[in-house]
Amino acid sequence: SIPKDQFELCCKLYELGQSHIFEEWDIIPMSDRKALAKQLLALDEEYSAGGGLAGYIANAKKLLENSKKGVNPLADWKPEVPVGEAFTLGTPEYAETEKI
């Protein structure tokens, strides 16, 4: 069977409107279900600072809604070229920097 934490996450995603992920759930082999649940939990943990997959979904919905309203989250952002180093391939300076 699927570990409890993975199963609970699958249920939570289903409740958050992600039922399309599980449309074939009843017909795919148990090994595929386990692999999907494991992958979803890994993604949830990877995005933990943003509230997991639930936070990711909420943020995506917010961004889509703002886009629909014409809100640009980068309206005040001014891109600039960062200060950095330039190296010529094959030079001793390049080789030394590559060691770092």
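So, how was this worked out
Residues numbered from 1 in each chain as written. Predicted model: local features only at pLDDT ≥ 70, side-chain atom pairs only at ≥ 80, totals over all residues. Heavy atoms only, no water. Salt bridge = Lys/Arg side-chain N within 4 Å of Asp/Glu carboxyl O. Helix = DSSP H or I, 4+ residues; strand = E, 2+ residues; numbered from the N terminus. Buried < 20%, exposed > 50% of the residue type's maximum accessible area, 1.4 Å probe, protein only.

Enquirer: Explain the pattern of salt bridges here, please?
Expert: It is possible for side chains bearing opposite charge to pair when their charged atoms get close. On inspection of all chains with the given rule, the structure shows two salt bridges. We note a salt bridge from Glu 8 to Lys 4, for which the minimum N-O separation is 3.7 Å. With Glu 8 and Lys 4 both in helix H1 (residues 4-15) and four residues apart, this pair spans about one turn of that helix. Judged by its relative accessible area of 43%, Glu 8 is partly exposed. Residue Glu 96 pairs with Lys 99 through a salt bridge whose shortest N-O separation is 3.6 Å. Remark: Lys 99 and Glu 96 occur in helix H4 (residues 92-99); sequence separation between them is three residues, near one turn of the helix.

Taken by themselves, the reported measurements are silent on function.
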